[in-house]
Amino acid sequence: MKTQDKWSNTSQHTRNVTTRVNEKASVTQNGAVLLGKHVACDAYDETRPLRVVTHAHADHMGGLPQSLKEAHKILMTKGTKDLIDAMQGPGYLRRGHVQTLDYGQTVEYEDERVTLHKADHILGAAQVMVEDHEGKRIVFTGDFRIDQTPILDSDVLVIEATYGSPHCRRRFHKETHNSLITLVKQGLKQGPVYIFGYHGKIQEVMQILNNADINVPFTVPENVYHISRVCEKHNMRLGKLILENELEAFELQEKNSPYIGFYHMHSRNKIGLDNFRISVSGWEFYSAIRQTDEKEYLVALSDHADFDGLLEYVRQSKPKLVITDNSRVRYGETLAKEIRKHLSIEAHALPKSNIF
Ligand SMILES: [Zn+2]
């Protein structure tokens, strides 16, 4: 009887803690990550006066026009603002009350404090910490890679779940940069090389190749050019960029000289089809490089933590409750289950998956 009392008290206590912390964070069907009472991250939410944009990837800018119209304040880093200005034009964000914050800088709103911290993902990417009136720390990681992301202590943690399945492990991670450099050098011996990736990662590849003293010109379309210039303004060293429609670029093409064309992944089916081509993708788990055709390669360069990295963040952050972001990817439920299993921490996926 005594034992039973003890257990029932404990489970009552656990229930109370869970109920209390559960109210502190959520993820809506629209993908808004709600922290504390006032903050909505990465999608519009009509109930929240503060909107945070963790970074400039499209799936984190949902409903930004509504937020610009209605939110009391929109918070982001200077890097993120500069990237959005480059993509949308400088007039776009002027329609709302945008405030830029440095990493570590805090904004107070009524009885809560909001601070952005660095996330290693793309230029300007941030994690968000809300400290509420009880002093509870409610953290959203945003997208991150574990390597250089500071791990924040939290009471409630909302974590991204892109690679939230045990199948998503990259054990060859450390070889990837060198493999990429070797592959590009091999391609340049035959002529031009075309590289395809998403915004942010393209510039990371430029930086890797530039640091490896690969000094051939980089030809780019206008959208990649503008984003690359923003990265250079924020102290990334990328190399010699030439717009694809400049005379110099045409001359390189005519002579079949060595150069590297950088394009968004969306152009992969129409650009440089007869050339040596490399796509950089996080969805590769078996080797750093995979050849998919005669002159076609995939390189496993990711700007997200893999499964082990996600678990490691949770372990070190020591939250009482974890919510996995189930709105952007399919592994929210899996990651929540694995966190419960490996770390014995209460974890739920939100929003709940639709069961048909
Ligand atoms: Zn992202």
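All figures in this text were calculated on a predicted structure; none of them were measured in a lab. (Residues numbered from 1 in each chain as written. Predicted model: local features only at pLDDT ≥ 70, side-chain atom pairs only at ≥ 80, totals over all residues. Heavy atoms only, no water.)

> If you had to explain the coordination of the zinc ion to someone new, which residues and values would you point to?
The protein atoms that coordinate the zinc ion are His 55 (NE2), His 57 (ND1), His 121 (NE2) and Asp 143 (OD), at distances spanning 2.1 to 2.3 Å. Of note is the zinc ion, whose 4 donor atoms meet at the metal with angles of 90 to 165° in an arrangement that counts as irregular. Each donor residue of the zinc ion lies on one chain, and together they are spaced H-x1-H-x63-H-x21-D. On the criterion of sequence distance, the pair formed by His 57 in the loop between strand E4 (50-52) and helix H2 (64-70) and His 121 in the loop between strand E8 (112-118) and strand E9 (126-131) is long-range, its members being 64 residues apart. Across this residue pair, the class does not change: His 57 and His 121 are buried. (Donors = N, O, S within 2.8 Å, 3.2 Å for Na, K, Ca; no water. Tetrahedral: all angles 85-135°; square planar, octahedral: opposite > 155°, others 65-115°. Helix = DSSP H or I, 4+ residues; strand = E, 2+ residues; numbered from the N terminus. Buried < 20%, exposed > 50% of the residue type's maximum accessible area, 1.4 Å probe, protein only.)

> Could you give an account of helix H3 (residues 78-88), naming the residues involved and the relevant values?
Within H3, the full set of buried residues consists of Gly 79, Thr 80, Asp 82, Leu 83, Ile 84 and Asp 85. Each element contacted by the buried residues of H3 is listed here: H2, strand E5 (73-76) and helix H6 (222-233). Once H3 ends, the next one or two residues include Gly 89, with phi positive near 90°. (Contact = heavy atoms within 4.5 Å.)

> Would you mind going over the sheet that holds strand E12 (residues 193-197) in detail, with residue names and values included?
Across the sheet, which stays open at both edges, the 7 strands sit in the order E14-E13-E15-E12-E16-E18-E17 with mixed pairing between neighbours. Unpaired on one side and paired on the other, strand E14 (241-243) and strand E17 (289-293) mark the two borders of the sheet. When the angles between neighbouring strand axes are averaged without regard to direction, this sheet yields 25°. Of the pairings in the sheet, the one linking strand E13 (residues 218-220) to strand E15 (residues 260-264) comprises 2 bridges and is parallel in character. The residue bridging Phe 218 from the neighbouring strand is Ile 260, located in E15. Each of E13, E14 and E15 is contacted by H6, which is oriented at about 150° to E14, the strand it contacts most. Strands E13 and E14 of the sheet are contacted by helix H7 (residues 247-255), whose axis makes an angle of about 95° with E14. (Pairing = 2+ DSSP bridges. Axes fitted to C-alpha atoms, helices over the stretch in contact; angles between N-to-C directions.)

> Account for the nonpolar core, with residues named and values stated.
Within the largest apolar cluster, 47 residues are counted, with the highest numbers of intra-cluster contacts made by Leu 209, Ile 260, Phe 262 and Ile 278. Setting aside chain neighbours within four positions, we find Ile 278 in contact with Leu 180, Leu 183, Val 184, Val 193, Tyr 194, Ile 195, Phe 196, Tyr 297 and Val 299. Listed in part, the 24 residues of the second largest apolar core include Val 33, Leu 50, Ile 138 and Leu 350. (Core = buried A, V, L, I, M, F, W, Y, C linked by side-chain atoms within 4.5 Å.)

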